[in-house]
Amino acid sequence: MKNTVSTLLKQKQSGDKITMLTAYDYTTAKIMDECGVNAILIGDSLGMVMLGYENTLPVTMEDMIHHTAAVSRGAVNTFIVADMPFMSYQVSVQEAVINAGRLVKEGGANAVKLEGGAEVCEQIKAIVNASIPVVAHLGLTPQSVNAFGGFKVQGKSYDKAKKLIEDALLIQEAGACAVVLEGIPAKLAEIITKKLFIPTIGIGAGNGCDGQVLVYQDMLGLTTGHTAKFVKRFAEAGELMRKGINDYISETKSGAFPAEEHTYAVDEEIISQLLKECE
Ligand code: KIV
């Protein structure tokens, strides 16, 4: 069954936790879809995990459309959310609607996600008026990395926590269908979740949210180096890949690969004839 804005809302109402993962390509999206994940986010995190940038800021609309279209071709039942990249919605409401439209028309997204609270409510209203569902994103919003002075947990002081609650209510009023809460204290996320009728999807925001989202390279153990506190590595797929690649190298070098079962046969008479002609 296709996951939609309505099914996600029903999940919140019934207490059935929403599962969301990032994906950026056809093959991964297809596996996630077959596993029954509720929603896929084509996050602008693709700038870091797929393209090797230091942060999400260089990601373009073309990058997002290219990866969203690949995911859409692989995912049949999941709700597909595409991130609006940095500077694709901040400059004007008109540009925001045009770019959201491109993610739906050219990428096949079911919804778009943008970062911010009160300051993006006009954009949310206009995009929703164009019949495009919007997922909001509050807390540690990575596109504000320079303004925050790094990837830092948000909402730890009374004033900042209060502002996040106000922002959550404003984006809901503007028409957002869900909100990602990233890098905020678990108890604050719980308060926001209780106050909203739309689903909250947490990442580094505790288990009081209506659902969770993780970057798949993190949760499958494909990333190396520093891992954020909120990441759980559900598998060590990086180790599996390394083993497979190392086995391929040694078997190719030793000649063990390809073996008989990996080769195509031909009539011996044809080979004898060819050999004679070569003499
Ligand atoms: O870009 C992304 O992957 C995200 C998630 C971290 C929520 O926005």
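Small disclaimer: the values here were computed from a predicted structure and weren't measured. (Residues numbered from 1 in each chain as written. Predicted model: local features only at pLDDT ≥ 70, side-chain atom pairs only at ≥ 80, totals over all residues. Heavy atoms only, no water.)

### A few points about a nonpolar patch on the surface
Together, Met241, Ile245, Tyr248, Ile249 and Phe257 make up an exposed nonpolar region whose accessible area comes to about 490 Å². Residue position: methionine 241 is located in helix α11 (residues 237-254). (Patch = residues over 30% accessible without salt bridge, like charges linked within 9 Å, V, L, I, M, F, W, Y side chains within 5 Å. Areas by Shrake-Rupley, 256 points an atom, 1.4 Å probe, with all protein chains shown as cover. Salt bridge = Lys/Arg side-chain N within 4 Å of Asp/Glu carboxyl O. Helix = DSSP H or I, 4+ residues; strand = E, 2+ residues; numbered from the N terminus.)

### Topic: the domain arrangement of the protein chain
Domain boundaries in the protein chain define domain 1 (5-235) and domain 2 (240-278). For domain 1 and domain 2, the distance between their C-alpha centroids amounts to 47 Å. (Domains from an automatic or database assignment.)

### Things to note about the site of the ligand
By nearness alone, every residue bordering the ligand is listed as Thr22, Leu41, Gly43, Asp44, Ser45, Asp83, Lys113, His137, Val180, Glu182, Ile203 and Val215. Aspartate 83 has a polar side-chain atom sitting 3.1 Å from an oxygen atom of the ligand. Isolated, the ligand exposes 260 Å² of accessible area, and the fraction of that covered by the protein chains is 95%. Applying the majority rule of atoms within 2 Å of the grid points places the ligand in the largest pocket. Grouping the constituent residues of the shell around the ligand by class yields four nonpolar, four polar and four charged. (Near = heavy atom within 4 Å. Polar contact = N/O pair within 3.5 Å; in protein donor to acceptor, adjacent residues only side chain to side chain. 1 Å grid on protein atoms, 1.4 Å probe; cavity = no way out; pocket = protein on both sides within 12 Å on 5 of 7 lines; lining within 4 Å. Sits in = over half its atoms within 2 Å of the grid points. Nonpolar A, V, L, I, M, F, W, Y, C, P; charged D, E, K, R; others polar.)

### Points about the side chain of aspartate 44
Tracing the chain through its elements places aspartate 44 in the loop between β2 (39-42) and α3 (46-49). The charged side chain of aspartate 44 is buried without a salt bridge, its nearest counter-charge being lysine 113 at 5.4 Å. Apart from the residues within four sequence positions on either side, aspartate 44 is in contact with Thr56, Val59, Met64, Asp83, Met84, Pro85, Glu115 and Gln143. (Buried < 20%, exposed > 50% of the residue type's maximum accessible area, 1.4 Å probe, protein only. Lys, Arg positive; Asp, Glu negative; His and termini not counted. Contact = heavy atoms within 4.5 Å.)

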